[in-house]
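# Chains, contacts and geometry: an overview
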Amino acid sequence: MSPTAPGAASPLPDRAPGAVDRDVFLRLSSALTGFSPIELQGTGNSGPFLDHLWRIVGPEICGEILTAAAGALANMDDSTREQAIRATLWTSPKLGPVVQALVRLWYTGKWNPLPAQWQETYRWDHPDPNPGAVTLSPQAYVESLVFTAIGAHPPGAKPTGHGSWAFPPALAPAALHHVVTT
Amino acid sequence: MSDRSFLDPLHRQLQAALQVEHATIPPYFTAWASIQDGANGEAAEIIRSVMLEEMLHLTLVANMLNAVGGSPSLTHKHFVPHYPHQLPHTKRPLMVSIEKFSPDAINTFLSIERPEAPGAGPQAPPFDTLGQFYDHLEGLLRTLCDEHGETAVFCGKAEQQVPPSAYYGAGRLIVVTKLQDALGALTEIVEQGEGHDGPFDADAAICGTGGREPAHFYRFLEIRYQRRFRDGDADQPSGAALPVDYTAVHPIRSNTQFDDYPPDSPVLHALEEFAATYGDLLEWLEQAFNGQPDRIAQAVHTMFALKNQAQALMRIPSELDPARTVGLTFDQSRRRSVHRRSPARHHPEVGWIRTHSSIASSEPT
Amino acid sequence: MSAPNGERFDVVIVGAGVAGALMADTLAAAGKHVLLLEAGADRSLDIGGYQPYVDQYLRAPSGVPNAPYPPNPNAPSANVLDIGNPSTSSYLVQQGNLPFLSDYTRELGGTTLHWQGACPRMVPNDFQLHSVYGQGVDWPIDYAELEPYYEKAEGALGVAADVEDQRILGMTFSDGYEFPMHKMPQSLVDQFFMRTIDGMTVTLDGHDYPVRPISLPQARNSTPNPAYKDKDGRGYKPVSYVGDGDRGLRCQGNSACTPLCPVQAKYNARKTLLKARATAGDRLSIVSQAVASKLLIDSNSKRIEGVRYRTYSDPKKPSPAGEFTARGRIYVIAANAIETARLLLVSGAANRSDQVGRNLMDHPYMYSWGLAPEPVYPYRGPDTTSGLETLRDGGFRAKHASFRMSIANWGWSGSPGADVDQFVAGGLFGRALRDKLHDTCTRHVRFGIMVEQLPDPSNRITINPAYVDAFGIPRPVATYDIAPYSLDGARAAREVAARVFERAGVQDCTEYKARPGFQLVGRDGRTFNLMGAGHIVGTHRMGRTAEDSVVNSSLQTWDHPNLFLAGAGAMVTIGTSNPTLTTAALTLRAAEQVLREL
């Protein structure tokens, strides 16, 4: 059964993400995904993903996430930055499920609605319109990061050319990349 | 070994032809890649097909050069022009830019492919139109054959050339072993590019798609007028509508240079990587054109990768102009430095690593 | 899309899949007037008719074979996402010990829209299983008789293979035979196994057999072989995307063969339909949205005198429109093994032998997967470029099923998405997540193992008037089980796979648990996750006599001289090869008989 269009029909709530929000979101996404900011910008998905989150979890929760993120990202050291993200976001009962869903969205192009209990606790008045996992858009799928991470490509798009599968892929191992987020 | 120096002018002119045919590829590629996914499908397909035919022309010229004992060169320092650039070896003012798909770009493409005026004669570089240049080349070939004999002129080895089996799509590739082949190749190039008798090829069989595909010039006219040509049309198409949306295009900066960006900018390094990938393409083609035709397959892989890298760049907002995104550069001047970077061949913020590091080393055959 | 009513054709064909398309192409090229009826939606045979499938796929990417093809309540089909055991609500009613797990597609082009494209031939002993091994049933023809038609089929579908690789297990080729295209380049995954299991043998039933990867013949565009010559002495030109001469001339590695190839580098029967239409002009009429509902039989002569069909106006909702009768001198039903059997049963046709619907077979299919010791960069290229083919025949077939093992290029089932979910749930993010995904997924290897199934009359398609479709026509009912012969073959296959992994240094991660779409089937304490391979055969088998078969070796029914049944339903045994190539060969052979009858 094919998933319906994700709650994309509804307009953004009155307070829309500003330029600072978008910048922090990009750098947070970079820290969360292990892809550099311009790699993420190259997907064209940063804006749409923040818009989606804004609609689904609302401006207040997004604001909390971005505030915590700005704090964590102020750490220059990779290790303390990671610890800060884990402490203030990843393990937070309120914000953790959202950032985890965000990582999955970046990596697979699919939005997985937050667990029923979370929705009942934090968004009882704005349930997620998506009944189940849904591909956010063709661009979300085509630029999903997991394929870049593993030297492959999304099935059905970005083919690498006849016979290319007989050779190692063009991209070098991800171990050589690293993230800088300021 | 007999003195082959009489062939030097021919080699130079064919190498010039190689450079001219190539010079259109970065602009066509950029316009094509700048079209947003899902939009302008027909226009995108036209530009793509023209670009692929230019690659065919490049290969035909390379085959001709090999046929007369020359060695095609695509990686020497000045092979890729610095854009914006006066179209190589052309007399009339024709500045070609690396820019997004737009009415201006289409006008430039029309100028590039413009057919010669009726009665216009052959011209050596600098020439008015490509067609006149090829007429001149035809004359030169005939003269040399008359003076020295066909066998002396066509002294190259057929195995050095790219055979049809290594090349698919976009028209007919031939191996050149005699004057008649070379003349056929020149005709193919001119018919596909400018056409001779209006929108449709006089001989539909020349056209590889087997159908009545207009020459490049007329295909660009279809985009300009947003209509397809049909039988009976002369200079303006009156057929089916061809919708074009010039807003569904990445708003890239034109004629991007490395120096536009500060030295440690992540965008700069992404641009260098892109240009280096393009350099890989030229290296693969050069190998293919110098006795290793199976390298065409690698060149194709590189083209696929190039498109992905281009589209990624074109989505990045440019710090230099808030209304625009990062453009492309094909500048080969930093290629060696990218090659020479340490094993982590990357910039911390870029993440891209170029295609096949092993171009220079032993390749799986 | 007009619905000819009363017009008389030379041949009426039901079903525009590969068998129907090849039949239509052959007959129309011979100057006959042909009507081809297709139950599926009316879609143009150009970019506009196919691109929507690609767009739908990118909106909702899924490996489920029918995912991009919109459900059509007027022409429904078995659905792998809707399988109960038992079930009366699904289109294919399930009443056996096990559910029948395969699906098919009812669209112009049929199941070749979503097939993988694999084209191995059957091996000689597959045709003589009973004489040689005392198992199953013999065919009325042998490999040698079918060989010239395999060659024609390979030309018609456009098969990429190198003949030298294929001279195994008794398969022979005519002098100087070459395939139309060179083999598909073998993947890094293949190369890994070629290197690591070089010289390996396994012992089955006391005999040693070599195990080595062999290139898989497939109907997918590769480099044309200049040494190939068709019957007119012409070379082979790869057939592009239908309606777009430049697209799909080579497989470019979209890695989505099932459920669809975005550029049509993979063969689909639309290519044959387009060719047929170009050759035949108005001698060929293709009518879609036409569901055959009954064969009309003259009670005296027993000849078929018409095919009644129902039309509908809107593929998106039940929308019965009219009812018409198509008339021809000869009728060919090519609606796939389930739908053909169903039509025959509904019509009371061709069943003196009581074999219609019986001997339903599939390949019970299972995976074995693991982690290679080094990156092999899967998730690229066609699904399979090589397989372990050498155990498709051997003395052990007296005791248990044979099998073939595809080397999968697409990593593990459900991955890499499942790995993202798993690692994130495990607390990984950022660099660590990216690295872990890279380190593990680049080493994913998997075998797809298809196990032979013997014909069993109690595995069958029947009908029951209690279960009908939108037109009130009884739906197919499946009664299906997998016998010990196959389960023992599955066990042997699993052990071979484990040995291969061990030899290659692959960490075996195979684990069979109940999951949707798979059956957990067991025997003697060993269970396997088996699913359908989409290879539906046997339901109107050929034979030597009218007593125990439905058609003769030219696919002509014993009971009705002007009725032919073209499709995999005619196969007597399934062997271990994907059935489409054999179906195509049988159909091309049958077409000669149809022409003789006209």
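Residues numbered from 1 in each chain as written. Chains lettered and ligands numbered in written order. Predicted model: local features only at pLDDT ≥ 70, side-chain atom pairs only at ≥ 80, totals over all residues.

## Points about the overall build of chain C
What counts here: Helix and strand definitions here come from DSSP, where helices need a minimum of 4 consecutive H or I residues and strands a minimum of 2 consecutive E residues; each element is numbered from the N-terminal end. The burial criterion counts other C-beta atoms lying within 10 Å of a residue's C-beta, which is placed from the backbone; the residue is buried at 20 or more, exposed at 12 or fewer, and partly exposed between these limits. Each residue is represented by a C-beta atom placed from its backbone, and any two residues with such atoms within 7 Å are regarded as in contact.
In terms of regular secondary structure, chain C is built from 11 helices and 20 strands. Counting only C-alpha atoms, chain C reaches 70 × 55 × 55 Å along its principal axes. For chain C, the proportion of its 598 residues judged to be buried stands at 59%. Counted over contacts in chain C with a minimum sequence separation of 6, partners at least 24 positions apart contribute 73%.

## Describing the nonpolar core
Which entries qualify depends on this criterion: The term nonpolar core means buried Ala, Val, Leu, Ile, Met, Phe, Trp, Tyr and Cys residues held together as one set by C-beta atoms within 7 Å. For the purposes of this description, domain bounds are those given by an automatic or database domain assignment.
By size, the foremost hydrophobic cluster in this structure holds 228 residues, and its most contacted members are C:I13, C:M23, C:A24, C:V34, C:L37, C:V332 and C:I449. Counting residues per element, this core draws most heavily on helix α3 (residues 46-73) of chain A, at 12 residues. In terms of domain composition, this core takes at least three residues from each of domain 1 (1-74 + 90-171 + 256-361 + 465-481 + 537-598) and domain 2 (180-216 + 365-452 + 482-531) of chain C.

## Examining the domain arrangement of chain B
Stated formally: When residues are sorted by character, Ala, Val, Leu, Ile, Met, Phe, Trp, Tyr, Cys and Pro go into the nonpolar class, Asp, Glu, Lys and Arg into the charged class, and all the rest, Gly among them, into the polar class.
If you check the domain split of chain B, you get domain 1 (5-225) and domain 2 (258-357). Residue composition of the side of domain 1 of chain B that touches domain 2 of chain B, by class: 11 nonpolar, 7 polar and 1 charged.

## A closer look at the sheet that holds strand β3 (residues 93-94) of chain C
Residue and element names in this part refer to chain C. Threshold: Any two strands between which DSSP finds at least two bridges are classified as paired.
If you trace the 3 strands from one edge of the open sheet to the other, you get β3-β16-β15, paired in mixed fashion. For this open sheet the edge positions go to β3 and β15 (460-468), each flanked by a neighbour on one side alone. Here β3 runs beside strand β16 (residues 474-479); their pairing, made up of 2 bridges, is parallel. Bridging from a neighbouring strand, V93 pairs with V477 of β16.

## Section: the confidence of the model for chain B
Low-pLDDT stretches of the model should not have their predicted coordinates read in fine detail. Residues and elements named next belong to chain B. How we decide: Residue-level confidence of the predictor is what pLDDT reports, using numbers from 0 through 100.
Per-residue confidence for chain B gives a mean pLDDT of 84, with 85% of residues at or over 70. Summarising per-element confidence for chain B, the mean pLDDT is lowest in helix α11 (residues 335-340) (58) and highest in helix α2 (residues 25-34) (97). Every residue in residues 202-211 is under pLDDT 50, and counting partners more than four places away or in other chains gives 16 contacts. Confidence drops under pLDDT 50 across residues 339-365; counting only partners more than four residues distant or on other chains, this segment forms 51 contacts.

## Digging into the confidence of the model for chain C
Summarising the model, chain C shows a mean pLDDT of 95, and 98% of its residues fall at 70 or more. Listed scores for the predicted complex are pTM 0.93 and ipTM 0.94.

## Some words on helix α9 (residues 266-289) of chain B
Residues and elements named next belong to chain B. Note the following rule: Helix span, as expected, comes to 1.5 Å for every residue beyond the first.
Given a rise of 1.5 Å per residue, 24 residues ought to cover 34 Å, and the 35 Å separating the end C-alpha atoms of α9 matches this to within 8%. Counting buried positions along α9 gives 24 out of 24 residues, so the element sits mostly inside the fold. The first or second residue beyond α9 is G291, which carries a positive phi of 105°.

## Looking at the interface of chain C and chain A
Between chain C and chain A, the residue contacts involve 38 residues of the former and 43 residues of the latter. Listed by contribution, the elements that provide at least two residues to the side of chain C that touches chain A are α2 (47-59), α8 (417-425) and α9 (430-441) of chain C. Among the elements that line the side of chain C that touches chain A, the one with the most residues is α9(C), at 8 residues. Looking at the side of chain C that touches chain A, its residues break down into 19 nonpolar, 12 polar and 7 charged.

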